[in-house]
Amino acid sequence: MTADPAGDRLRIAVLCPHFAPDTAPTGVVMTRIVAELAELGHEVHVVTSLPWYRTHAVEPGWHTRWFRREATEWGSITRVNPFAGSDKRNLARRAAGFVGFSALAGLASLRGGRVDAVIAMSPPLTMGLTGWGTHLVRRGPLVFNIQDVFPDAAIETGAITNRAIIAVAKRLERVSYHRAAAVTVLSNDLHDNVVAKVRASTRGNVRVIPNFVDTVAIRPLDRMTALRSELGIGDETVVLYAGNVGFSQSLEMVVAAARAMPELTFLINGDGAARTSLEELADDLSNVHFSGYQPVERLAEVLATGDIHLVPLKAGLGRVSVPSKTYSILAAGRPVLAAIDPGTEVPRILAASGGGVCVPPDDLAAFRQALQQLADDQSRRSKMGLDGRSWVEHAASPAAVARSYADLIVELNRRR
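Note that the structure is predicted; figures quoted are calculated from it, not measured.

A word on the pairing of strand E2 (residues 43–49). Of all seven residues making up E2, seven are buried, and the element is well covered by its neighbours. Summarising the sheet, strand E1 (residues 11–15) and E2 pair through five bridges and their orientation is parallel. What sits directly across from Arg 11, in E2, is Glu 43. Across six bridges, E2 lies against strand E4 (residues 75–80) in parallel orientation. Counterpart to Thr 48 in the pairing with E4 is Arg 79.

Moving on to the sheet that holds E2. Spatially, E3-E4-E2-E1-E5-E6-E7-E8 is the arrangement adopted by the eight strands of the open sheet, whose pairing is mixed. Two strands lie at the open edges of the sheet, namely strand E3 (67–72) and strand E8 (206–208), each paired on one side alone. Here the average twist between neighbouring strands, direction ignored, is 20°. When strand E6 (residues 142–146) meets strand E7 (residues 182–185), the two strands line up parallel, connected through three bridges. Looking across to E7, one finds that Val 143 is bridged to Ala 182. Each of E6, E7 and E8 touches helix H6 (residues 188–195); the most contacted strand, E8, lies at about 175° to it.

Position of Arg 259 relative to the elements: it lies in helix H8 (residues 251–260). Between the C-alpha atom of Arg 259 and that of Asp 116, which follows or precedes it by 143 residues, the distance is 55 Å. Those residues in contact with Arg 259 that lie beyond four places of it in its chain are Leu 281, Asp 284 and Leu 285. A polar side-chain atom of Arg 259 sits 3.0 Å from the main-chain carbonyl oxygen of Leu 281.

All right, on to the packing of aromatic side chains then. What the rule picks out here adds up to four aromatic pairs. Ring geometry for Trp 66 versus Phe 83: centroids 5.3 Å apart, planes at 80°, classification edge-to-face. Of the two residues, Trp 66 sits in the loop between E2 and E3 while Phe 83 sits in the loop between E4 and helix H2 (91–109), which places them 17 residues apart along the sequence. For the pair Phe 144 and Tyr 177, a centre-to-centre distance of 6.2 Å together with 50° between the ring planes defines the contact as tilted. Taken as a pair, Phe 144 in strand E6 and Tyr 177 in helix H5 (residues 163–179) lie far apart in primary sequence, 33 residues in all. Over the aromatic face of Trp 132 sits the side chain of Arg 179, whose NZ or CZ is 5.1 Å from the ring centroid.

With respect to topology, six strands assemble into an open sheet ordered E11-E10-E9-E12-E13-E14, the strand pairing being parallel. Edge positions in the sheet fall to strand E11 (288–291) and strand E14 (356–359), since each has one partner strand and no second. Taking the axes of each pair of neighbouring strands and ignoring which way they run, one obtains an average angle of 20° across the sheet. Across five bridges, the pairing between strand E9 (residues 238–242) and strand E10 (residues 265–269) is parallel. The residue of E10 that forms the bridge with Val 238 is Thr 265.

The rules behind the values
Residues numbered from 1 in each chain as written. Predicted model: local features only at pLDDT ≥ 70, side-chain atom pairs only at ≥ 80, totals over all residues. Heavy atoms only, no water. Buried < 20%, exposed > 50% of the residue type's maximum accessible area, 1.4 Å probe, protein only. Helix = DSSP H or I, 4+ residues; strand = E, 2+ residues; numbered from the N terminus. Pairing = 2+ DSSP bridges. Axes fitted to C-alpha atoms, helices over the stretch in contact; angles between N-to-C directions. Contact = heavy atoms within 4.5 Å. Polar contact = N/O pair within 3.5 Å; in protein donor to acceptor, adjacent residues only side chain to side chain. Phe/Tyr/Trp six-rings, centres within 6.5 Å; stacked < 30°, edge-to-face > 60°. Lys NZ or Arg CZ within 6 Å of the ring centre and 35° of its normal.

Here's what the structure looks like:
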């Protein structure tokens, strides 16, 4: 081992599906964690994909080679072909892309000698075995970071129904957990989910390390943003959903609320597998606007555009997926209306921070009532925004998250 708690330098290999094309702090989770680890003096070597996620195609200027490697002041970044597919609803095609990317990432991760740890991020779930293969060659203990529990979320939404595929995915999940020296999850709910799937002797390996929010880059801004002007929105109250437009989110309920509340303006900002069908559903509504993912440097502006932010998740998903956007909304000083399973992580965050309210998932009547109450009470919204911002400044800093990973790596090496 090359480091100890006194502050010596760790050498870490990171395998993740997305990493920002530059080293500036951004909303991409692992990008900022790596930046903070580097700030602590550690050496980090990242293997990731060519930039592709915003458009589900490799971005211009990056598609000429399958492999790209660049040296940085803190280590290196190696990028490989993500095998992106334009049809986001074709699950077989997406699965094949994940397997192809994981295989290429595994090959690219083998060079460079011994490390103190291998951190592999899921989804895709295949990165667990990729990380294990890297561990076998480079010897550092495997830390398997779970952002969303798969296949549970896909089963709950009906995205996967084939029993054979479900059985294979569950088997891969268990194998990946047992190959890791530690499994990190974002919340107590995800902790309980994973612990229930592993042997009693390895349950202590499951650790909670939450995601962070960049309270410097994401801060309260004036609500009259350039994005409003670009979309033809004036100074009316804007109800905003920002994030992945997928089948896990109850966005059909949001459109139904918009249909019943024409006095409010709704904005759905993002892209995903469900966007086309959602646009068709809202085609006759003049108070519903859509916009695609914005550059990360506009994130604070996008969040400032909304007067009320939505975090809707379909029933049963609150314990297997933690919408990390909640932290960003609180950092932007805006109130949250969450429609999510009670007793799960987001309701706990909002109760602790005072930054929003929760209603049961998929309950249109309760959702509309809570939304109307927030729309009618600007002073209440302002207080929620102030309270949420104050809480997140103290509870979810990037530096604290990076230190948690460094401390875990030191502990795993000492245990060995």
